[in-house]
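# Observations on chain architecture
Chain by chain, the residues:
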Amino acid sequence: MSMQVILAQALLGLNVGVFYAMLSLGLAVIFGLLNIINFAHGAMYMLGAFIALIGYSLLEQWFGISLQVGFWGSLLVAPLLVGLLGILIERTMLKRLADLDHIYGLLLTFGITLILQGLFANYFNVSGTPYPGQPESLSGVVNLGFMYFPTYRLFAIVFSLVVCFATWYFIEHTKLGSRLRAGVENPNLTQAFGLNVPLMVTLTFGFGAALAGLAGVLAAPIYSVSPLMGADLIIVVFAVVVIGGMGSIMGAILSGLALGLIEGLTKVFYPPAASTVIFFLMVLVLLFRPAGLFGKEK
Amino acid sequence: MMNRILLVIMIVLGLTAPFFAYPVFVMDLLCFALFACAFNLLLGYAGLLSFGHAAFFGGAAYVAGYALKEWGFPPLLGILTGTGFALLLGTVFGYLAIRRQGIYFAMVTLALAQIIYFLALQLPFTGGENGLQRIPRGELFGFIDLNNELAMYYLVLAIFLIGFGIIYRTIHSPFGEVLQAIRENESRALSLGYDVDHFKLMAFVISATLAGLAGATKALIFQFAALTNAHWQTSGEVILMTLVGGLGTVFGPVVGAITVASLSHELSSFGSWVQVILGVIFVFCVMVFRRGIIGELQHRLSRRKG
């Protein structure tokens, strides 16, 4: 097997890995402050992709607005809208469940997933619609020296990495981030110091949702946009989160990248296992390091 | 008292149902009801949320179907083979999943179940997306032809009642009391000297096995092991059934299964709106109707008594 094939698959794997990283990062950020797992995270990723698609080709047909939101515009608008939806869900529903067993939060977001997925399945083909709005400047391939790689995919990798590490830097190294971490550590005490914890919780949920929406826009030109695109992905991301543990932000990012890479390489060496390799790795981690690689059990 | 009345109603309805309802539909309801009861044993009494019960339900359906079709097993042995598979799978998954708690438990079971889904999709003998078709019903004890809908119906009813009886006995045994103690306060149960992990694993295995019994029976009824039975959406549906009927009540899952399955059946012409409606019911139950139908009924009755 040539080195080139392996490197190509590794890069493609990394491409998937950045999506895992962005989604598990969002889950980890939300989990830290709200102690719930957002099942709707996959649906929000799908929503991001659909906002990009609708903004590009359906605004006139559906709403009679003669406006076209291009890829760059979607990169801004979609996370904003998805984040707002997240804020709405947190304020109207999740907030009321805060004192109950955390499984209710999971069940609620599962219900929301069904609603979102069902709504889009009514109007769009389940097998997917291609996104036509990939910008001209990102089409074609670049020469990496050892191989040619699609420019857009390279852009998606770099852009996602920048977003992930910026989030990490913000949480770990800024004043606002330190307040957030204080809220994670001890919400009551943080509140007593005069910080508005409920507002932090709401904004955090919105931010996590926005990250998922952003990942969706980035994924739209690569995969076809489908109502089920998030559902299959989110279960893998759950496994990623179990493997990495949600105790650390960097842990969530690194395990997402590493597992995408491993999945990509499995496609080279033993293709039939590519869709399950992450789950089997999860089994190994549960056997030998139950709290997860970077985990602090909560 | 209320449970006794409900038990009598359930048995009378069960015995007479094929004379006023479409037997195959009622058999489908019975399978889902048993599935939901098995699930409820785990979530309602041990407090463990499994998001992967479709693996046992669907997995057992495939194994039972394969045994009946390819090995020519008689019907009961086929169902037992499927159920036995669910028992083994439940032991392995349970052993792995109880290593994590709460929300992680749900994620682990969901991810493990996805392995079974992909195996069902990819293995050479499962029929891929078409599932396992034309499974023969065969003859019960060698002389009762199960292609007769009525004979098939009463077999399914008997299986349901046996499964329900096992769950009822489990809940109302000292073992069941310990499970509830673990649900209420795990560390206290631990400090009282109970081997918590052992109890959790036992509950998981019983629940998985009975979910498998329901799935294997379903494969025999419809002569078909479907990929959707192993899909995570089926895991979600069984949660919804239990939630609608009443978490941690004996008859809640039965009522919930009948409600949800009838609703999906009635609405099936609306395409993917069914999913939206199920989602709305999910949100409604979680937000304002957490006791479920039977739970709410019990609550009102006990309040009236003072």
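Definitions and limits used
- Each chain carries its own residue numbering, running from 1 in the direction its sequence is written.
- Each chain gets a letter, beginning with A, and each ligand a number, beginning with 1, in the order they are written.
- Whole-chain, interface and lining totals are the exception, using all residues; otherwise, since this is a predicted model, local features are given only for residues with pLDDT of at least 70 and side-chain atom pairs are given and counted only at 80 or more.
- As a rule here, side-chain values come from all non-hydrogen atoms in the structure, and water together with hydrogens is ignored.
- Strands are runs of DSSP state E lasting at least two residues, helices are runs of H or I lasting at least four, and both sets are numbered from the N terminus onward.
- Radius of gyration means the value over C-alpha atoms here, while the globule rule gives 2.2 Å times the residue count to the 0.38 power.
- A 1.4 Å probe rolled over the protein chains alone gives each residue an accessible area, and that area as a share of the maximum for its type sets the label: buried under 20%, exposed over 50%, partly exposed in between.
- A contact between two residues is defined here by any heavy atoms of the two lying within 4.5 Å.
- Only the protein chains shown count as cover for residues, and the accessible areas themselves come from Shrake-Rupley with a 1.4 Å probe.
- Lys and Arg are tallied as positive, Asp and Glu as negative. Neither His nor the chain termini are counted.
- Positions of charges follow a simple convention, taking NZ of Lys, CZ of Arg, CG of Asp or CD of Glu.
- Grid spacing is 1 Å over the protein atoms alone, the probe is 1.4 Å, and a cavity is where that probe fits but cannot get out, while a pocket is an open set with protein on both sides within 12 Å along at least five of seven lines and lining residues have an atom within 4 Å of a point.
- Grid points are joined across faces, edges and corners, and a volume is the space filled by probe spheres set on the points.
- Under this grouping Gly is polar, as are all residues other than the nonpolar Ala, Val, Leu, Ile, Met, Phe, Trp, Tyr, Cys and Pro and the charged Asp, Glu, Lys and Arg.
- Among buried residues, those of type Ala, Val, Leu, Ile, Met, Phe, Trp, Tyr and Cys that are joined through side-chain atoms within 4.5 Å constitute a nonpolar core.
- UniProt positions are given in the numbering used here, feature names are shortened, and annotations may be inferred rather than shown by experiment.
- Throughout, the accessible surface (probe 1.4 Å) given up by two parts as they are put together, summed over both, is called the buried area.
- Note on definitions: salt bridges are taken to be side-chain nitrogens of Lys or Arg within 4 Å of carboxyl oxygens of Asp or Glu.
- Axis definition: a line fitted to C-alpha atoms, over the contacting stretch in the case of helices. Angles run 0 to 180 degrees between N-to-C directions.
- The labels follow the angle: roughly parallel below 35 degrees, roughly antiparallel above 145, roughly perpendicular from 65 to 115, and oblique for the rest.
- In a helix, the anticipated span is given by 1.5 Å times the number of residues less one.
- Each pair of aromatic rings taken from Phe, Tyr and Trp, with Trp reduced to its six-membered ring, is defined by centres within 6.5 Å and is described as stacked if the planes are under 30 degrees apart, edge-to-face if over 60, and tilted in the remaining cases.
- By definition here, charges over rings are those cases where NZ of Lys or CZ of Arg is within 6 Å of the ring centre and within 35 degrees of the ring normal.
- Pairs of N or O atoms within 3.5 Å make up the polar contacts considered here, provided that, within protein, one atom can donate a hydrogen while the other can accept it, and that residues adjacent in sequence are counted only when both atoms are side-chain atoms.

What follows deals with the overall build of chain B. The secondary structure content of chain B amounts to 13 helices and two strands. Its C-alpha radius of gyration of 19 Å places chain B within 12% of the 19 Å reference for a compact globule of 306 residues. In chain B, buried positions account for 57% of the 306 residues. Partitioning the intrachain contacts of chain B with sequence separation of at least 6 by distance along the chain shows that 77% fall at a separation of at least 24. Carbon and sulfur atoms provide 65% of the accessible area of chain B, an area that totals close to 12,700 Å². One finds the centroid of the 17 positive side-chain charges in chain B at a distance of 11 Å from the centroid of its 14 negative side-chain charges.

A few words on empty space enclosed by the protein. Residue and element names in this part refer to chain B. One pass over the full model with this rule turns up three cavities of 30 Å³ or more. Together, Cys-37, Asn-40, Leu-41, Tyr-45, Phe-164, Ile-167, Ile-171, Thr-249, Val-250 and Pro-253 line the largest cavity. Broken down by secondary-structure element, the contributors of at least two residues to the lining of the largest cavity are α2 (23–46) and α6 (149–171). If one sorts the elements of the lining of the largest cavity by residue count, α2 sits on top with four residues.

Before going further, it helps to spend a moment on the layout of surface pockets. In this structure, the largest pocket encloses a volume near 1,100 Å³. Along the walls of the largest pocket sit 39 residues, with Thr-228, Asn-229, Gln-233, Thr-234 and Glu-237 of chain B positioned nearest its centre. Put simply, the parts of the chain that give the lining of the largest pocket at least two residues each are α5 (103–123) and α10 (229–244) of chain A together with α2, α9 (196–222), α10 (232–245), α11 (252–266) and α12 (273–288) of chain B. Per-element accounting of the lining of the largest pocket gives the leading share, six residues, to α10 of chain B. Its residues placed into classes, the lining of the largest pocket shows 22 nonpolar, twelve polar and five charged.

Next up on the list: the nonpolar core. One finds Leu-49 and Phe-51 of chain B to be the most contacted residues of the largest nonpolar core, which totals 221 residues. If you tally residues by element for this core, the top one is α2 of chain B, at 19 residues. What Leu-49 of chain B contacts, discounting residues up to four positions off in sequence, is Ile-103, Leu-106 and Leu-107 of chain A together with Phe-39, Leu-43, Phe-105, Ala-106, Thr-109 and Ile-239 of chain B.

Following the UniProt record, one finds the feature "transmembrane region" (unreviewed entry) at residues 31–64, 76–98, 104–125, 151–171, 201–226, 238–261 and 273–294 of chain B. Here residues 76–98 of chain B runs as 96% helix and 0% strand, with 32 Å between its end C-alpha atoms.

Moving on, we come to the environment of Met-10 of chain B. Residues and elements named next belong to chain B. The residue Met-10 is located in helix α1 (residues 2–16) in this model. The spatial distance from the C-alpha of Met-10 to the C-alpha of Glu-149 is 20 Å, given a sequence separation of 139 residues. Other than its neighbours up to four places away in sequence, Met-10 contacts Phe-160, Leu-161, Phe-164, Phe-251 and Val-254.

What follows is about the interface of chain A and chain B. Counting residues at the interface gives 47 residues for chain A and 38 residues for chain B. Summed over both sides, the interface of chain A with chain B buries roughly 4,000 Å², with 77% coming from carbon and sulfur. Area buried by chain A at its contact with chain B is led by Leu-107, Phe-110 and Leu-114 of chain A, which between them contribute 14% of it. Taken together, the links from chain A to chain B amount to zero salt bridges. The set of elements that each furnish at least two residues to the side of chain A that touches chain B consists of α5, α10 and α12 (277–288) of chain A. Considering each element in turn, the side of chain A that touches chain B owes the most residues, 16 residues, to α5 of chain A. Class assignment for the residues of the side of chain A that touches chain B results in 34 nonpolar, ten polar and three charged.

Turning next to unusual backbone geometry. The phi dihedral of Asn-35 of chain A falls on the positive side, at around 60°, and the residue is not glycine. By the element assignment, Asn-35 of chain A lies in the loop between α1 (3–34) and α2 (41–57). The backbone of Arg-134 of chain B shows a phi angle near 50°, a positive value even though the residue is not glycine. The topology assignment puts Arg-134 of chain B in the loop between α5 (102–122) and β1 (139–140).

This part takes up the UniProt feature "transmembrane region" (unreviewed entry) in chain A. Residues and elements named next belong to chain A. The positions UniProt marks with the feature "transmembrane region" (unreviewed entry) are residues 6–31, 43–63, 69–90, 102–124, 152–171, 192–222, 234–261 and 268–288. As annotated, residues 152–171 comprises 100% helix and 0% strand, and the C-alpha atoms at either end are separated by 29 Å. Secondary structure content for residues 234–261 is 86% helix and 0% strand, and the end C-alpha separation is 17 Å.

All names here are of chain B. Close contact between α10 and helix α13 (residues 292–304) brings their axes to 3 Å; oriented N to C, the two are set at 15°. Between α10 and α13, the angle falls in the class roughly parallel. Mapping the contact onto sequence places Leu-243, Val-244 and Gly-245 in α10 and Gly-292, Ile-293, Ile-294 and Gly-295 in α13. Of the residues that constitute the contact of α10 with α13, the class distribution is four nonpolar, three polar and no charged.

On to α12 of chain A. With twelve residues, α12 of chain A should reach 16 Å at 1.5 Å per residue; the first-to-last C-alpha distance of 17 Å fits that figure. Buried within α12 of chain A we find Val-277, Ile-278, Phe-279, Met-282, Val-283, Val-285 and Leu-286 of chain A. Elements in contact with the buried residues of α12 of chain A: α1, α10 and α11 (249–269) of chain A together with α4 (75–97) and α5 of chain B.

The next point concerns α12 of chain B. Look at α12 of chain B: 22 Å from first C-alpha to last across 16 residues, which is about the 22 Å you get at 1.5 Å a residue. Burial in α12 of chain B covers these residues: Val-274, Gln-275, Val-276, Leu-278, Gly-279, Phe-282, Val-283, Cys-285, Val-286 and Met-287 of chain B. Residues of α12 of chain B that are buried sit in contact with α4 (71–92) and α5 of chain A together with α10 and α11 of chain B.

Now for the packing of aromatic side chains. With the rule as written, the count across this model stands at 35 aromatic pairs over all chains. By the ring-pair criterion, three or more aromatic residues cluster together here, those being Phe-39, Phe-110 and Phe-238 of chain A together with Phe-51, Trp-232 and Phe-282 of chain B. Directly above the ring of Tyr-104 of chain B sits Arg-100 of chain B, whose terminal nitrogen or CZ lies 4.0 Å from the centroid. Here the basic side chain of Arg-290 of chain B rests over the ring of Tyr-104 of chain A, its NZ or CZ set 5.8 Å away from the ring centre.

Once that is clear, we can look at the side chain of Ser-255 of chain A. Residue and element names in this part refer to chain A. Within the secondary structure, Ser-255 sits in helix α11. From its side chain, Ser-255 meets the backbone oxygen of Gly-251 in a polar contact 2.5 Å long. Residues contacting Ser-255, with those up to four places away along its chain left out, are Val-240, Gly-244 and Phe-294.

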